[in-house]
Amino acid sequence: EYQADKIAVAHNREDCGETMLFHLFRGSNLKGLGGISPVSGDVIRPLMKVGRKEIEGYLNGQNREWMEDETNASEVYSRNRIRHQIMPVAEELCAGAGERMAETAEELRLTESYLAEQTGQANLKCCEKRDGGTFINVTKLEELHPVLQTRLLFYVLEHEAEASKDLGRIHVQQLLKLC
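Residues numbered from 1 in each chain as written. Predicted model: local features only at pLDDT ≥ 70, side-chain atom pairs only at ≥ 80, totals over all residues. Heavy atoms only, no water.

K.L.:
So what's going on with the pattern of salt bridges? Which residues, and what values?
P.N.:
Side-chain pairing between opposite charges can occur once the charged atoms of the two side chains come close. Counted by the stated rule, this structure contains eleven salt bridges. With its nearest N and O atoms 3.0 Å apart, the salt bridge here joins K129 to E160. Taken as a pair, K129 in strand β4 (residues 127-130) and E160 in helix α7 (residues 146-161) lie far apart in primary sequence, 31 residues in all. For R130, the salt bridge identified is with D131, shortest N-O distance 3.9 Å. Through salt bridges with shared partners, a single network forms among D15, E18, R52 and R83. (Salt bridge = Lys/Arg side-chain N within 4 Å of Asp/Glu carboxyl O. Helix = DSSP H or I, 4+ residues; strand = E, 2+ residues; numbered from the N terminus.)

Structure (structure tokens):
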């Protein structure tokens with residue numbers, strides 16, 4: 001209808017911290033600990049560095065209404081329990097915790113980006129696609145830093161399975177042991 005190239009959503013600094021904690025509790029990797037990415041495909045999040053109270057204060061000052069998802073208040077959802085129960089305690093313990101978590105998430109996203117590049121280079125060095133699969137040169141794999149070894153094996157599993165949803169550390173550890 002609008003012929004837009006992007007969709008802007010109002011995720012903010014606190015949303016990033018909540019996501020970061022949720023992923024941490026679930027046992028996430030570095031990518032998940034980066035929280036919410038400011039750009040993801042066609043979705044952009046221009047308010048990621050702004051706090052929820054700042055946004056609401058601005059809108060109130062402009063006499064603007066905003067729409068809030070009705071599920072945000074329900075503590076049936078784990079994310080909302082983090083928002084309503086854990087984040088306030090974190091702020092009590094350490095004022096500005098949400099802001100610092102967002103800064104840490106940004107640093108983790110940058111680190112993940114760098115490591116993704118390194119994993120791609122390791123893939124070129126250690127792996128060969130042939131006969132409908134991926135062959136890993138174990139000698140070259142062993143030359144890599146342990147971080148790159150596990151990332152590369154996850155990368156290979158993810159590409160062979162054509163998904164990462166059900167892949168976990170255990171699968172990478174088993175493959176590493178097999179190597």
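K.L.:
Talk me through the packing of helix α1 (residues 13-26) against helix α4 (residues 78-93); I want residue IDs and the actual numbers.
P.N.:
Contact geometry of α1 with α4 gives a least axis separation of 10 Å together with a crossing angle of 110°. The pairing of α1 with α4 is recorded here as roughly perpendicular in orientation. Along the contact surface, α1 presents D15, E18, T19, L21, F22 and F25, while α4 presents S78, R79, I82, R83, I86 and M87. (Axes fitted to C-alpha atoms, helices over the stretch in contact; angles between N-to-C directions. Parallel < 35°, antiparallel > 145°, perpendicular 65-115°, else oblique. Contact = heavy atoms within 4.5 Å.)

As far as function goes, none of this settles anything; it's purely spatial.
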